Amino acid sequence: MARDPRHDVLFEPLRIGPRTLRNRFYVTPHATNFGTDFPGAEAYYRGMRAEGGWAAVSTGACLVNIDADNPRWNLHHLVDDGDENNLRLLASKVQEHGALAGVELIYYAAGTGLRTRLPARPGVSQVRSYGISECSAPAMTKADIRQIQRQYVDAARRAERAGFDLINVHLREAGSVAYQLLDPYLNTRTDEYGGSFANRVRFAVELFDMVRDAVDDCAIVGGFCIDSADGRIEAAEDGYRFIETIDSYVDLWDLQVGRWIYPDAGPSRSHRQGWQVPYYETVRPAATKPIVGVGRFTDPDVMADLVRTGVLDVIGAARPSISDPFLPAKVDEGRLEDIRECIGCNMCASRVEIPGAFIACTQNATVGEEYRRGWHPEVFTRPADTEAPVLVIGAGPAGLECAVTLGRRGFENVHLVDAGDSLGGIMRWIPRLPGLQEWSRFLDYRVSQLDRLKGVEVILNRKLTADDVLDYGAASVVVATGAAWDPTGVNTYVHRPVPGAAGNDAVYTPDQIMRDDLRFSGLRVVVFDADRYFMGQSIAERIAADGNEVVFVSSEADVQGYLRLTGEAQYQIRRLLDLGVKIVPNSILREVLDGGVELEDRTTGRIDRLGADAVVMVTQRVPDTSLHDALAADPAGLERAGITKLLRIGDCLVPRPIADAAFDGHRVAREFDSPDPGTPQTFIRERRVVGFGDGAFDGGLPPTATRGVRTTLPLVRAQDAGSTDRRHIKKGQEQ
Ligand code: ADP
Ligand code: SF4
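Conventions adopted
Residue positions within a chain follow its written sequence, with the count starting from 1. Key to labels: chains lettered from A, ligands numbered from 1, both in the order written. Per-residue local features of the predicted model are confined to residues with pLDDT of at least 70, and side-chain atom pairs are confined, for both listing and counting, to 80 or more; whole-chain, interface and lining totals are unaffected and use all residues. Side-chain figures throughout are based on the complete set of non-hydrogen atoms in the structure, without hydrogens or water. Comment: elements are numbered from the N terminus, with helices defined as DSSP H or I runs of at least four residues and strands as E runs of at least two. Note on classification: 1.4 Å probe, protein chains only; a residue is buried when its accessible area is under 20% of the maximum for its type, exposed when over 50%, partly exposed between these limits. Whether two residues are in contact is decided by their heavy atoms, any of which lying within 4.5 Å being enough. When at least one non-hydrogen atom of a residue lies within 4 Å of a molecule or strand, that residue is treated as near it. Amino acid classes used here: Ala, Val, Leu, Ile, Met, Phe, Trp, Tyr, Cys and Pro are nonpolar; Asp, Glu, Lys and Arg are charged; the rest, including Gly, are polar. What a helix should span is 1.5 Å times the count of its residues minus one. A pair of strands is treated as paired once DSSP finds two or more bridges between them. Only the stretch in contact is used when fitting a helix axis, every axis being a line fitted to C-alpha atoms; angles between N-to-C directions are given from 0 to 180 degrees. Where a domain begins and ends is set by an automatic assignment or by a domain database. When two parts are put together, the accessible area they lose, computed with a 1.4 Å probe and summed over both, is reported as buried area. A side-chain nitrogen of Lys or Arg and a carboxyl oxygen of Asp or Glu constitute a salt bridge if their distance falls within 4 Å. Definition of a polar contact: a pair of N or O atoms within 3.5 Å, with one able to donate and the other able to accept a hydrogen when the atoms are protein atoms, and with sequence-neighbouring residues admitted only if both atoms are side-chain atoms. When the centres of two rings from Phe, Tyr and Trp lie within 6.5 Å, Trp using its six-membered ring, the rings pair. Their planes under 30 degrees apart give stacked, over 60 give edge-to-face, and anything left gives tilted. A positively charged side chain is recorded as over a ring if its NZ (Lys) or CZ (Arg) lies within 6 Å of the ring centre. The angle to the ring normal must also be within 35 degrees. Orient the strands so they point away from the viewer; a crossover is then right-handed if the path from the first strand over the helix to the second runs clockwise.

1. Thoughts on the side chain of Asp664
Along the chain, the position of Asp664 falls in helix α22 (residues 658-670). Overall, Asp664 belongs to the buried group, its relative accessible area being 9%. Apart from residues lying up to four places away in sequence, Asp664 is in contact with Ile649, Gly650, Leu653 and Arg656.

2. Structural notes on the site of ligand 2
Lining the immediate surroundings of ligand 2 are 14 residues, of which Cys342, Cys345, Asn346, Cys348 and Cys361 lie closest. Counting residues per element, the ones that place at least two in the shell around ligand 2 are α10 (319-323) and α12 (347-352). Considered class by class, the residues forming the shell around ligand 2 number eight nonpolar, five polar and one charged.

3. Re helix α13 (residues 397-409)
Helix length check: α13 (13 residues) gives 18 Å between terminal C-alpha atoms against 18 Å at 1.5 Å per residue, within 8%. Counting buried positions along α13 gives 13 out of 13 residues, so the element sits mostly inside the fold. Just past α13, the residue Gly410 takes up positive phi, approximately 105°.

4. Describing the sheet that holds strand β29 (residues 645-648)
Pairing is parallel across the open sheet formed by five strands, whose spatial order is β17-β16-β15-β18-β29. This sheet does not close on itself; its edge strands, each paired only once, are β17 (456-459) and β29. Neighbour-to-neighbour, the strand axes of the sheet open up by a mean angle of 15°, direction not taken into account. Direction of pairing for strand β18 (residues 476-479) relative to β29: parallel, over a ladder of four bridges. Across the sheet, Val478 pairs through a bridge with Leu647, a residue of β29. Packed on one face of the sheet, α13 meets β15 (390-393), β16 (414-417), β17 and β18 and runs near 165° to β16.

5. Here we look at unusual backbone geometry
Omega for the peptide link from Trp260 to Ile261 comes to -5°, which places this bond in the cis form. Phi is positive for Asn346, which is not a glycine, with a value near 65°. Tracing the backbone through its elements, the reader meets Asn346 in the loop between α11 (327-332) and α12. Residue class for Asn346 comes out buried when judged on its relative accessible area of 2%. Despite not being glycine, Asp517 shows a phi value in the positive range, around 50°. Secondary-structure assignment places Asp517 in the loop between α16 (510-515) and β21 (524-529). When its relative accessible area of 39% is taken as the criterion, Asp517 is described as partly exposed.

6. Here we look at the domain arrangement of the protein chain
You can read the domains of the protein chain as domain 1 (5-340), domain 2 (380-413 + 446-482 + 624-720) and domain 3 (489-622). When each unit is reduced to the centre of its C-alpha atoms, the spacing between domain 1 and domain 2 is 39 Å. Taken together, the 11 residues of domain 1 in the interface contact nine residues of domain 2. Interface area, domain 1 with domain 2, both sides summed: about 800 Å², of which 45% is carbon and sulfur. Looking at the side of domain 1 facing domain 2, the largest losses of area belong to Tyr44, Glu337 and Asp338, adding up to 40% of the total buried there. Remark: the boundary between domain 1 and domain 2 carries two salt bridges. Linking domain 1 to domain 2 there are five residue pairs in polar contact (both at pLDDT 80 or more). Taken together, the residues that form the side of domain 1 that touches domain 2 break down as five nonpolar, one polar and five charged.

7. What about the packing of aromatic side chains?
The geometry of two aromatic rings is summed up by the distance between their centres and the angle between their planes. Here the structure, examined in full by the defined rule, presents 17 aromatic pairs. Measuring from centroid to centroid gives 4.7 Å for Phe34 and Phe358, while their planes differ by 40°, and the two rings are tilted. One end of the pair, Phe34, is in the loop between β3 (25-27) and α1 (39-51); the other, Phe358, is in the loop between α12 and β14 (379-380), and 324 residues separate them in sequence. Look at Phe34 and you get buried, because its relative accessible area is 2%. Under the relative-accessibility criterion, Phe358 is labelled partly exposed at 23%. With a centroid separation of 4.0 Å and an interplanar angle of 25°, the aromatic rings of Phe224 and Phe242 are classed as stacked. In this pair, Phe224 is assigned in strand β10 (residues 219-227) and Phe242 in helix α7 (residues 235-246), connecting sequence segments 18 residues apart. The residue whose ring lies beneath Arg241 is Phe197, and the NZ or CZ to ring-centre distance is 5.3 Å. The ring of Trp375 carries the charged tip of Arg373 above its face, separated from the ring centre by 5.7 Å.

8. Notes on the pairing of strand β11 (residues 252-257)
Extensive coverage of β11 is indicated by the burial of six of its six residues. Neither face of β11 is open: one carries Leu252, Asp254 and Gln256, the other Trp253, Leu255 and Val257, and all of them are buried. In this sheet, β11 lies alongside β10 in parallel orientation, the contact comprising six bridges. Residue Asp227 lies in a different strand from β11, and its bridge partner there is Val257. With respect to chirality, the unit in which β10 leads through α7 into the neighbouring parallel β11 is right-handed. Judged from the three bridges that link them, β11 and strand β12 (residues 291-293) form a sheet pairing that is parallel. Bridge pairing in β12 places Leu255 opposite Gly293. Read as a crossover between parallel neighbours, the route from β11 over helix α8 (residues 277-283) to β12 is right-handed.

Laid out in structure tokens, this is it:
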């Protein structure tokens, strides 16, 4: 397929200082939690985006000093030869695919000393440090200021030696000292670095001047938050002035709005594609240099318009590049239906916020696996036996992802069977929750792939029993029958059914409400949430918006739960309060009474009673293992039926977030021809092995990213997927 001429503008090269961007797609700095400590994972992750066609790919935050540690994140460092070495690998992996490699330098004034035992590094003013430890950052002296600027210069020189093309001086986060100085709220200094705009920008002017001077052949990028979105720095005021002042020192602007996570990486429930555009329009006249801007852009028409109208020169992306590293290549090839669009769930951001965890993505199971598992999002190994008949039961996130991946690997005889009348499992109804419409992209992408994968037959409206499965003719059976919300209220804190819940007509679960589209009106409803993620608050919002009096009872003292990590809590809790929802934190549902509930405060043990006409239990999900267990209990039957593999994946194995259920399906499909795909294959654990070199460090496993078969969809589908009656795969053939 050819590129749509409307998108040609996105493929015009652009000169930035001594370098040229090959097109208008730019992977902006974002964290993975690999950092310089996991150089293989980090380098291959960034390299994959370069291979996918982006013109430039940046690191995440790269600290210019080692003593500003914050154990929450594994960031980059660029302070010694070891760091330089590890980042050289990253730069070369990016350049190998024709992209420019960028590094984002930051002096981070949010150190905790929890690893290094060193006091927090000086910040703009004497203030209690950001972060989790009880420490304060002292105010910078003039000597500190010079030292910090020298650390930037040293890091910039190292970056150039490591081969980077772009040096991004970062003024974005609250932790960046250069941004703190600009912020009139944080900067209470009375010397020449505080007070007037000219004083507050002085550090940045000196810094850009010094960094520019220090490198010979790199383009300088100004990474700047043009509006803090809290009234402290406004695009029309200091944002505009800053760009005017610094413009001559940079070759490219990399702009964004607001602080991490919210609203910078605004989730789709609160922020639509391109919500930052009015801010870019405000500062555009101040810049003579090209501007990169972000906005969770996944629609090439929107991107092309922004470039054509001159609001932006380059389309920046973190999440759209996480979700689909090959977005630019697909736009270039006119394969728009193959773009795996980001759904704005922010699972990626949440994983980076968990100390020790790595980046993950709901849409793209291969994220972070480019090196350690050798997974390539567009390249798949073809099985030795493509005819092997495979039956996947359940078309939720796990079953769908498994079937699509088997199809893309070249399996030609896969049946995906579901009891429902459409694909998706829980994703049939989750996108109908308030604000989650964009989550439907998870299903849209997979349906569009299935439509063109000739090896996968979709069969709906068919609930399989164990006998049906034994009679089906499949050699391999993957059970992906999911999980259901527990109507009894068993939860993390109370491992017994809540008295009065079971069999009570006034007690509901999210499945019942959403699947049957139940609507209440004028009722008093208690939503008990011990799940702590999006379901409880979304259900409470839906019921409150329908005109009910809702009490949201959370098992947690911090009712934000996991939504704090996804950056959704700030919006979501305000939304509940705006709808008049009463929030009761830190409480456990002790009993469902006739016309009410009894609650216990987890700290004081105090008992309270609330009147309620209906109670919704959002406590935990229980795997539906019945089909799997019936099959597993009949080894002789399996043998007679010629079933050599019986696997269980997704929520029917362990209920987990959508990203992890899908990952499960993907992994099993990738490893399907191993002797036991139920047991994960070894992967590279990047770690120091005493007394050995790099080979041992990799566990001796070479990355396999370049092996495999690139399946360029669309593939022609042999049969119409809608037909429902092709039940048997008898020994590799449909009947
Ligand atoms: P997961 O998140 O693990 O993918 P879901 O709960 O989203 O799981 O999806 C499970 C799917 O399995 C549902 O669409 C359901 O209709 C289907 N299913 C459950 N039991 C059977 C069965 N016996 N035969 C066919 N489909 C089934
Ligand atoms: Fe987008 Fe969600 Fe993937 Fe993040 S995890 S890139 S928000 S789909």
